[in-house]
Amino acid sequence: MKIETYIDSLVSYAMNRGLAEPVDHQVLTNRLLDLLCKDDYAPSDEPQTEDLEEILRGLLDYAVAQGLCEDNITARDIFDTRLMGAVTPMPREVIRTFREKYADSPITATDWYYKFSCDTDYIRRYRIAKDMRWKYESEYGEMDITINLSKPEKDPKAIAAAKNAPQSGYPKCQLCRENEGYAGRMNHPARANHRIVPIEICGADWCLQYSPYVYYNEHCIVFNAQHIPMKIDRAAFEKLLDFVKAFPHYFVGSNADLPIVGGSILSHEHFQGGHYQFAMERARIETEVSFQGYEDIHAGIVKWPMSVIRLTGADPARIAGLADKILTSWRGYSDESAGVVAFSDGEPHNTITPIARRRGEQYELDLVLRCNITTQEHPLGVFHPHADKHHIKKENIGLIEVMGLAVLPSRLKGELTGLAAAILAGKDIGADPVLSKHADWVEELKTRHTFTEETVMDILMQETGKVFAAVLEDAGVYKNTPEGRSAFLKFVDTVNGQLVC
């Protein structure tokens, strides 16, 4: 296909997706010609394609052949984002349309904005389609298991280029608003096609965008317009509840504000939300509790592998007040019999992962108790995936996984496939340098399963889900045992001012 055909196809794509109007045709064509350093042009007589991945691949191959772009994944991503940026509307148009649709309804506005973010290729749908996803029915409910493949792994050339790239303090981080329209560099993602919607939370300026990697439906990021650190406090609870007041069809939650139990970006205050129901939301209250002075708030301990107090009521201010009382108690609470240590050498260990949602006219706030204490036995964290599960999951347990969606490393796709083949062939898995980390696990599985060509992958995937559920149990401060429940209720009594010895 001629390069002119790819150019014409991208301009037509923009028109058909509502990113531009017919009157914009010539400007878009000239922008693309400029990026491709092409001086001559005549409309192509070849049939066009609507497949965006095919269009961008054709334009990228041309750019590489012309020496305009290096042939590695990062450089190609930067260049094709510049191409999409050339056909993406300016922020003023995006904001105006969002507000017009919000006046109709919040869901109309977010439906449009999510589709827009996909159509501009900020969310690369063709990559997300490669993710592995399945369900695991645990004793706590049906959990989501995913192996994320949409975030590209850098090849050696890209890694070397990023290492040698000049360091810059702009943008300050990958969340800051300066990313909107940013060209990108080898050590910072391109965002030329990125558009942010400004919103107001508790009277302050905040921003709404979607995650480019979409771990679940309409995975959005809500971030402070200012670059200020994450902090879990009463104000954070109020902000979460204010967001679901404005967008009642979305949940929103915050990673904790301490390392190990927190998110990957602690330097910029932000939340994550979306239009999705996680297993934790479906989980029922197993033990009802009450808090003095807050009898109007329905409270209880959720049947979940992690330690969750659920608060439900009609008045978000009252919920935030009770949540703050629980947080204040938890920040200073220690119970050595349960492994909970509030401080060591002046360093705080206790915090909360909060999640807000609406249930009809009611507001609901889940408070997940977290503790990042480490020991010699568990140097990565006592309430962190334990070493016997690191072959499946070693990384921190953040907000998304707290709610019951496993985001597993991309290496597992190849490793599970390799394990299936090795099991069927009767190979010594312990002798394989890549698969040996799974050897003990597989030997245990063989005591419970008969592997056949038809069942081997299903067994491995379901058992992977079982490991993830056990990982969440590791991360739970109070275990789902009579002793664990007694220790949990002991903390509740402390919140109520009843000193328990």
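All of the points below concern the structure found in this document.

Focus on the overall build of the protein
Within the protein, the regular secondary structure consists of 16 helices and 15 strands. Along the first, second and third principal axes, the C-alpha atoms of the protein reach 85 × 65 × 40 Å. Across the 501 residues that make up the protein, the buried fraction comes to 55%. Put simply, of all contacts in the protein between residues at least 6 apart along the chain, 64% involve residues at least 24 apart. In the structure as shown, the protein presents an accessible area of about 21800 Å², 51% of it carried by carbon and sulfur atoms.

A few points about the nonpolar core
Counting 97 residues, the largest nonpolar core has L10, V222, F291, L311, I326, W330 and Y478 as its most contacted members. If sequence neighbours within four positions are ignored, V222 has contacts with I199, I201, W206, C207, L208, F243, V252, H270 and F271. Counting 53 residues, the second-largest nonpolar core is a separate cluster that includes Y136, I355, M461 and V467.

As for the pattern of salt bridges
A full pass over the atoms with the stated rule returns 40 salt bridges. Across the pair K115 and D119 runs a salt bridge, and its minimum N-O distance is 2.6 Å. Here K115 pairs with D119, and both are found in helix α6 (residues 106–119), just four residues apart, close to one helical turn. R448 is paired through a salt bridge with E444; the nearest N and O atoms lie 2.8 Å apart. One continuous salt-bridge network, built from bridges that share partners, spans E281, R310, R357, R359, E364 and D366.

A few points about the sheet that holds strand β6 (residues 251–253)
Either a parallel or an antiparallel arrangement is found when strands of a sheet pair, and the pairing is made through backbone hydrogen bonds. One open sheet holds the 10 strands; their spatial order is β3-β4-β5-β7-β6-β13-β14-β10-β9-β8, and the pairing between them is antiparallel. Of all strands in the sheet, those with a lone pairing partner are β3 (197–201) and β8 (285–289), marking the two edges. Each strand axis lies, on average, 25 degrees off the axis of its neighbour in the sheet, ignoring direction. When β3 meets strand β4 (residues 204–210), the two strands line up antiparallel, connected through five bridges. In the sheet register, P198 faces β4, and the bridge partner there is C207. The strands touched by α6 are β3 and β4; relative to β4, the strand with the most contacts, the crossing angle is about 55 degrees. The sheet strands contacting helix α9 (residues 234–246) are β3, β4, β5 (220–224), β6, β7 (270–274), β13 (350–359) and β14 (362–371), and the helix crosses β13 at an angle near 20 degrees.

As for the environment of F488
As for its placement among the helices and strands, F488 is situated in helix α16 (residues 482–495). In contact with F488, not counting residues within four places along its chain, are I301, S307, V308, I309, L369 and Y478.

Quick word on unusual backbone geometry
As a rule of thumb, non-glycine residues mostly have phi less than zero, and peptide bonds are mostly trans rather than cis. A cis geometry characterises the amide bond from Y170 onward to P171, with omega recorded as -15 degrees. Structurally, P171 is set in the loop between α8 (156–164) and β3. One non-glycine residue with positive phi stands out, namely C202, at about 50 degrees. Within the secondary structure layout, C202 lies in the loop between β3 and β4. With phi around 75 degrees, I260 is a residue other than glycine that occupies positive phi space. Residue position: I260 is located in the loop between β6 and β7.

Some remarks on the packing of helix α3 (residues 52–65) against helix α4 (residues 73–85)
Two elements in contact, α3 and α4, have axes whose closest approach is 10 Å; the angle formed by their N-to-C orientations is 115 degrees. Judged on the interaxial angle alone, α4 and α3 are roughly perpendicular. Crossing hand, α3 versus α4: right-handed. On α4, the residues touching L52, L56, R57, L59, L60, D61, A63 and V64 of α3 are R76, F79, D80, L83 and M84. Within the contact of α3 with α4, the residues separate by chemical class into nine nonpolar, no polar and four charged.

A word on the side chain of T5
In this structure, T5 sits in helix α1 (residues 3–16). Residues in contact with T5, not counting those within four places in the same chain, are S44, E46, P47 and Q48.

Quick notes on the rules
Residues numbered from 1 in each chain as written. Predicted model: local features only at pLDDT ≥ 70, side-chain atom pairs only at ≥ 80, totals over all residues. Heavy atoms only, no water. Helix = DSSP H or I, 4+ residues; strand = E, 2+ residues; numbered from the N terminus. Buried < 20%, exposed > 50% of the residue type's maximum accessible area, 1.4 Å probe, protein only. Contact = heavy atoms within 4.5 Å. Areas by Shrake-Rupley, 256 points an atom, 1.4 Å probe, with all protein chains shown as cover. Core = buried A, V, L, I, M, F, W, Y, C linked by side-chain atoms within 4.5 Å. Salt bridge = Lys/Arg side-chain N within 4 Å of Asp/Glu carboxyl O. Pairing = 2+ DSSP bridges. Axes fitted to C-alpha atoms, helices over the stretch in contact; angles between N-to-C directions. Parallel < 35°, antiparallel > 145°, perpendicular 65-115°, else oblique. Left-handed = near helix turned anticlockwise from the far one by under 90°. Nonpolar A, V, L, I, M, F, W, Y, C, P; charged D, E, K, R; others polar.

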